[in-house]
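# Residue-level structural notes
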Amino acid sequence: QAVDYEFPQSTEAFQHQVEAISNFNLTESISNLKIKTLAIAAEEDIIFSIEEIYSKLIIIPGIKFSFVEGAAHSIHIEKPKEFVKIIIDFLKMT
């Protein structure tokens, strides 16, 4: 197991995930988005920190950020009510 986490995965699966993320770069493309965009980050995420998400996605024009306290990488499972509320509130704004 790669990390002590409620939703475990093998070390090999985790390594593949990290490699895929490291090689994925849409910086130029996302700065040209013309749609309303929502980014949801979790306070305890050890894979993508709030700061990292913010710094990478702030280039999207008009992006809305939402942060969930007491959740890690699987926000939709760990805090489903908060997750759904964030999405519904965002959709009501559009």
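My aim in this report is to walk through the structure given alongside it, one point at a time. (Residues numbered from 1 in each chain as written. Predicted model: local features only at pLDDT ≥ 70, side-chain atom pairs only at ≥ 80, totals over all residues. Heavy atoms only, no water.)

## Some words on the overall build of the protein
- Scanning the protein for helices and strands turns up five helices and two strands.
- The order of helices and strands in the protein, counted from the N terminus, is α-α-β-α-β-α-α.
- Projected onto its principal axes, the C-alpha coordinates of the protein cover approximately 40 × 35 × 15 Å.
- Look at the contacts in the protein between residues 6 or more apart in sequence, and 67% of them connect residues 24 or more apart.
- For the protein, the exposed area adds up to about 6,900 Å²; of that, 57% sits on carbon and sulfur atoms.
- In the protein, the 8 positive side-chain charges and the 14 negative ones have mean positions that sit 15 Å from each other. (Helix = DSSP H or I, 4+ residues; strand = E, 2+ residues; numbered from the N terminus. Contact = heavy atoms within 4.5 Å. Areas by Shrake-Rupley, 256 points an atom, 1.4 Å probe, with all protein chains shown as cover. Lys, Arg positive; Asp, Glu negative; His and termini not counted. Charge placed at Lys NZ, Arg CZ, Asp CG, Glu CD.)

## A few points about the packing of aromatic side chains
- Applying the stated criterion across every chain, the model contains two aromatic pairs.
- For the pair Tyr-54 and Phe-65, a centre-to-centre distance of 4.7 Å together with 45° between the ring planes defines the contact as tilted. You can see Tyr-54 sitting in helix H3 (residues 50–57) and its partner Phe-65 sitting in strand E2 (residues 64–68), a full eleven residues away along the chain.
- Here Phe-65 falls in the buried class, since its relative accessible area comes to 16%.
- Between Phe-65 and Phe-67 the ring centres are 6.1 Å apart and the planes differ by 5°, which places this aromatic pair in the stacked class.
- A relative accessible area of 41% places Phe-67 in the partly exposed class. (Phe/Tyr/Trp six-rings, centres within 6.5 Å; stacked < 30°, edge-to-face > 60°. Buried < 20%, exposed > 50% of the residue type's maximum accessible area, 1.4 Å probe, protein only.)

## Quick notes on the nonpolar core
- Counting seven residues, the largest nonpolar core is built from Ile-30, Ala-39, Ala-41, Ile-53, Ile-60, Ile-63 and Phe-65.
- Not counting chain neighbours up to four residues away, the residues in contact with Ile-30 comprise Lys-56, Leu-57, Ile-59, Ile-60 and Pro-61.
- Counting residues in each nonpolar core, the second largest holds five residues, with Ala-42, Ala-71, Ile-75 and Ile-86 among its members. (Core = buried A, V, L, I, M, F, W, Y, C linked by side-chain atoms within 4.5 Å.)

## Observations concerning the pattern of salt bridges
- This structure, assessed with the given rule, holds one salt bridge.
- Its salt-bridge partner being Lys-85, residue Asp-89 comes within 2.6 Å of it at the nearest N-O pair. Of this pair, Asp-89 and Lys-85 are both found in helix H5 (residues 80–93), four residues apart, which corresponds to roughly one turn of the helix.
- Judged by its relative accessible area of 51%, Lys-85 is exposed. (Salt bridge = Lys/Arg side-chain N within 4 Å of Asp/Glu carboxyl O.)

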